[in-house]
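# Remarks on the overall topology
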There are 2 protein chains.
Amino acid sequence: MQMEKFEVNILGCGSALPTTRHLLSSQVVNLRGKLFMIDCGEAAQLQYRTMKLSFSRLNHIFISHLHGDHCFGLFGLISTLGMLGRRDDLHIFAQPDGEKVFRPMLDYFCTDLPYQVVFHAFDPQKNALIFEDRTLKVLTIPLKHRVPTAGFLFEEKEKNLHIVPEMIDFYQIPFCQINALKAGADFVTPDGQTIPNERLTHPATPPKRYAYCSDTLYNEKIIPIIEGVDVLYHESTFCESRAERTKQTMHSTARQAAEIARAANVKKLILGHFSARIKDENVLLTEACEIFPNSVLASEGLVVEI
Amino acid sequence: MQMEKFEVNILGCGSALPTTRHLLSSQVVNLRGKLFMIDCGEAAQLQYRTMKLSFSRLNHIFISHLHGDHCFGLFGLISTLGMLGRRDDLHIFAQPDGEKVFRPMLDYFCTDLPYQVVFHAFDPQKNALIFEDRTLKVLTIPLKHRVPTAGFLFEEKEKNLHIVPEMIDFYQIPFCQINALKAGADFVTPDGQTIPNERLTHPATPPKRYAYCSDTLYNEKIIPIIEGVDVLYHESTFCESRAERTKQTMHSTARQAAEIARAANVKKLILGHFSARIKDENVLLTEACEIFPNSVLASEGLVVEI
């Protein structure tokens, strides 16, 4: 049901060196029809189109860090939105350098954009609220990488109660009062009788949470922040046999991703950001599943329900 | 035969708005194993890999103009070459603004490149030699577009004569003299007899020429420059039914491309840079073939022998 939809679309899950098997980092979170992009590697707009996502429903882009494989797709996407006649502001969240490096490019190449690109700077070393609307909060997750990097926690806000249609009919409750009931109000009948809300509604679906952690060294400090999330995407660039390279490049192994998932008691783990050197990612999956069985491999085109 | 190979690989032939049918402008000219890229739209490096072209054989990139759909792929490609451990300089030919807009991006994102990116500025309004090596000349072709734009003419240099093996054996000509014969020298036998070169060689294969003209308004001034080329790639963004839009955006129709091909007496025409609005490019092909029958449609992955 579109009203309840909360899912993540994987556009690309390769690491810096693109291959014929994997595109560069980019995802789109769909919360009840609103689309939020996380990272925008080269060719993200092409995969976006291939996955038939709606350009008009995209208003917010969150960039985890300023490595090219996470943001070189921005220029093309921004140009395309302009050519499609976009009018609404596009909001880009990035660390403070973001605007400094992207704005001159936009000023040169996108001179006739029919809309505004609005940059919002965040401090990647803080766990802070950086975006909020009626249904969603987005918080940063401080990560440890070679450059300032933040993950993102997408938290649904408390949701409405579910109306029990039979009771609405039974008490002939007018339509204009439905929203109040969903928010928890009792109903007072025309003759003054109070019908408690519990008789008219079912409990709300619990709010869900999605955490995106890429790129990062194994970092236990994120555990309390992502504790209990429904889905965790955690980078697993390498496997344990390349532990040294993993540390040197400030990435994580599949085993480490799984250890974080287990310690944070998350419900599901998506592995991604695969090194080009890994020819068969099942090695990563096996390694992760030994620690955290509910692990899956990301892949281009994969849609995971939160 | 690799020694004689001269071909163009089409990486992308869509216009500014990418679609699921076409990638953005990029081509690779292969002259006897040396690769020369023309334009580098977003995702060019991905298609480059898909077409199994060799990254190590690429040393020169020619950018026709500074619209994003012709150059946003440069950053990713340059990063990738660095990650692959490239040591040789990479030469980028562009109008003077090129270095001004690209260099700051490279300085920020590609801080640890193990090779140099060398920019060469050209004047897009001149028909001038901008590159030359032992086998090839590249000249600019002034085009008319919304920003300074040049096409490129790839001209093979005069080639060597073909040795007649039987005559080499007959006169017992030492191997060290073969190159001199190929260049036109006569052979003098140990007893002083002169064997004229014509008896030892067949004529050289005539040098070939490839012209790339995109993006441009219909422009008869290019005709003498591209006169008689073996293959002409000419943009044909629209068909005649959208003549007004064509003029307004400073592009060409398929008919105009064909008219240029016919007037310049070229041998073959490749149509490309297709508008996203054109659902079936056969409309363009039909329109062009009425004027110039030896026309073909570009497509991603197409390789055309020059």
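### Quick look at the pairing of strand 1 (residues 6-12) of chain B
All names here are of chain B. Among the 7 residues that make up strand 1, 6 are buried, leaving the element largely enclosed by the rest of the structure. Judged from the 6 bridges that link them, strand 1 and strand 2 (residues 26-31) form a sheet pairing that is antiparallel. Its bridge partner lying in strand 2, Gly12 is registered against Ser26.

### Description of the sheet that holds strand 2 of chain B
All names here are of chain B. Reading across from one edge, 6-5-4-3-2-1-18 is the order of the 7 strands in this open sheet, with mixed pairing throughout. Single-partner strands in this sheet number two, and they are strand 6 (117-121) and strand 18 (303-305). Strand after strand, the sheet turns through a mean of 20 degrees between neighbouring axes, direction not considered. As defined by bridge partners, strand 2 adjoins strand 3 (residues 34-40) across 6 bridges and the pair is classed as antiparallel. In the sheet register, Val28 faces strand 3, and the bridge partner there is Met37. Sheet strands in contact with helix 3 (residues 97-109) are strand 5 (90-94) and strand 6, and its direction is about 165 degrees off that of strand 6.

### Regarding the domain arrangement of chain A
Segmentation of chain A into domains returns domain 1 (2-159 + 205-305) and domain 2 (162-202). Taking the mean C-alpha position of each, domain 1 of chain A and domain 2 of chain A sit 41 Å from one another.

### A short note on the relation of the copies chain B and chain A
Expressed as a screw operation, the relation of chain B to chain A combines 0.0 Å of axial shift with a rotation of 180 degrees, fitting to an RMSD of 0.1 Å. In the structure described here, the two chain copies are related by an operation that fits a two-fold rotation axis. The C-alpha atom lying nearest the rotation axis in chain B is that of Ala43 of chain B; the distance is 2.7 Å. Mapped onto chain A, 100% of the interface residues of chain B again fall at the interface, so both copies present the same surface.

### Remarks on the interface of chain B and chain A
Every contact between the two is made by 23 residues of chain B and, on the other side, 23 residues of chain A. Breaking the side of chain B that touches chain A down by element, the ones donating at least two residues are helix 1 (44-50), helix 2 (74-83) and helix 3 of chain B.

### Remarks on unusual backbone geometry
With omega at 0 degrees, the peptide bond leading from Ser214 of chain A into Asp215 of chain A counts as cis. The topology assignment puts Asp215 of chain A in the loop between strand 14 (209-213) and helix 7 (223-226). Positive phi values are uncommon outside glycine, yet Lys52 of chain B reaches one of about 60 degrees. Mapped onto the elements of the fold, Lys52 of chain B is located in the loop between helix 1 and strand 4 (58-62). Residue Lys52 of chain B is classed as exposed on the basis of its C-beta count, with 8 C-beta atoms lying within 10 Å. At Met250 of chain B, a residue that is not glycine, the phi angle is positive and equals roughly 60 degrees. Structurally, Met250 of chain B is set in the loop between helix 8 (243-248) and helix 9 (254-263). Look at Met250 of chain B and you get partly exposed, because 18 C-beta atoms sit within 10 Å.

### Here's the deal with the packing of helix 2 of chain B against helix 3 of chain B
All names here are of chain B. The contact between helix 2 and helix 3 brings their axes to 11 Å, and the two run at 40 degrees. On the basis of their axis angle, the class for helix 2 and helix 3 is oblique. Once helix 2 is placed against helix 3, the crossing between them reads as right-handed. Across from Leu74, Phe75, Ile78 and Ser79 in helix 2, the residues of helix 3 making contact are Phe102, Met105, Leu106 and Phe109. Each residue belonging to the contact of helix 2 with helix 3 can be placed in one class, and the counts come to 7 nonpolar, 1 polar and no charged.

### Examining the packing of helix 9 (residues 254-263) of chain A against helix 10 (residues 282-291) of chain A
Residue and element names in this part refer to chain A. Contact pair helix 9 / helix 10: the axes reach a minimum separation of 8 Å and the direction vectors enclose 30 degrees. For the element pair helix 9 / helix 10, the angle class is roughly parallel. Between helix 9 and helix 10 lies a crossing whose hand is right-handed. Listed contacts from helix 10 to Ala254, Arg255, Ala257, Ala258, Glu259 and Arg262 of helix 9 are Leu284, Glu287, Ala288 and Ile291. Classifying every residue of the contact of helix 9 with helix 10 by side-chain character gives 6 nonpolar, no polar and 4 charged.

### Section: the sheet that holds strand 14 of chain A
All names here are of chain A. Ordered by their spatial adjacency, 7 strands build an open sheet running 7-8-9-14-15-16-17, and the pairing between neighbours is mixed. Each having just a single partner strand, strand 7 (129-132) and strand 17 (295-297) make up the two edges of the open sheet. The mean inter-strand angle of the sheet, taken between neighbouring strand axes irrespective of direction, is 20 degrees. Here strand 16 (residues 269-272) runs beside strand 17; their pairing, made up of 3 bridges, is parallel.

### Brief notes about helix 2 (residues 74-83) of chain A
All names here are of chain A. In terms of burial, helix 2 is a largely internal element, 9 of the 10 residues being buried. Residues of helix 2 that are buried include every one of Leu74, Phe75, Gly76, Leu77, Ile78, Ser79, Thr80, Leu81 and Gly82, and no others. Those residues of helix 2 hidden inside the fold are in contact with strand 3 (34-40), helix 1 (44-50), strand 5 (90-94), helix 3 (97-109) and strand 6 (117-121). Once helix 2 finishes, Gly85 follows within two positions and takes phi at roughly 85 degrees, a positive value.

### Comments concerning the pairing of strand 9 (residues 150-156) of chain A
All names here are of chain A. For strand 9, the tally of buried residues reaches 6 of 7 residues, placing the bulk of the element in the interior. In this sheet, strand 9 lies alongside strand 8 (residues 136-142) in antiparallel orientation, the contact comprising 7 bridges. Bridging from a neighbouring strand, Thr140 pairs with Phe152 of strand 9.

### A closer look at the nonpolar core
Of all hydrophobic cores here, the largest spans 144 residues; its most connected members are Ile141, Leu232 and Leu269 of chain A together with Ile141, Leu232 and Leu269 of chain B. Not counting residues within four places of it along the chain, the set of residues in contact with Leu269 of chain A comprises Leu232, His234, Ala257, Ala258, Ala261, Ala288, Phe292, Asn294 and Ser295 of chain A.

### Concerning the environment of Pro196 of chain B
Following the sequence through the fold, Pro196 of chain B ends up in the loop between strand 12 (194-195) and helix 6 (197-200). Each C-alpha atom, one on Pro196 of chain B and one on Pro148 of chain B, is 51 Å from the other, the two residues being 48 residues apart in sequence.

Calculation criteria
- Residues numbered from 1 in each chain as written.
- Chains lettered and ligands numbered in written order.
- Predicted model: local features only at pLDDT ≥ 70, side-chain atom pairs only at ≥ 80, totals over all residues.
- Buried ≥ 20, exposed ≤ 12 C-beta atoms within 10 Å, placed from the backbone.
- Helix = DSSP H or I, 4+ residues; strand = E, 2+ residues; numbered from the N terminus.
- Pairing = 2+ DSSP bridges.
- Axes fitted to C-alpha atoms, helices over the stretch in contact; angles between N-to-C directions.
- Contact = placed C-beta atoms within 7 Å.
- Domains from an automatic or database assignment.
- Least-squares fit on C-alpha atoms with pLDDT ≥ 70 in both.
- Parallel < 35°, antiparallel > 145°, perpendicular 65-115°, else oblique.
- Left-handed = near helix turned anticlockwise from the far one by under 90°.
- Nonpolar A, V, L, I, M, F, W, Y, C, P; charged D, E, K, R; others polar.
- Core = buried A, V, L, I, M, F, W, Y, C linked by C-beta atoms within 7 Å.

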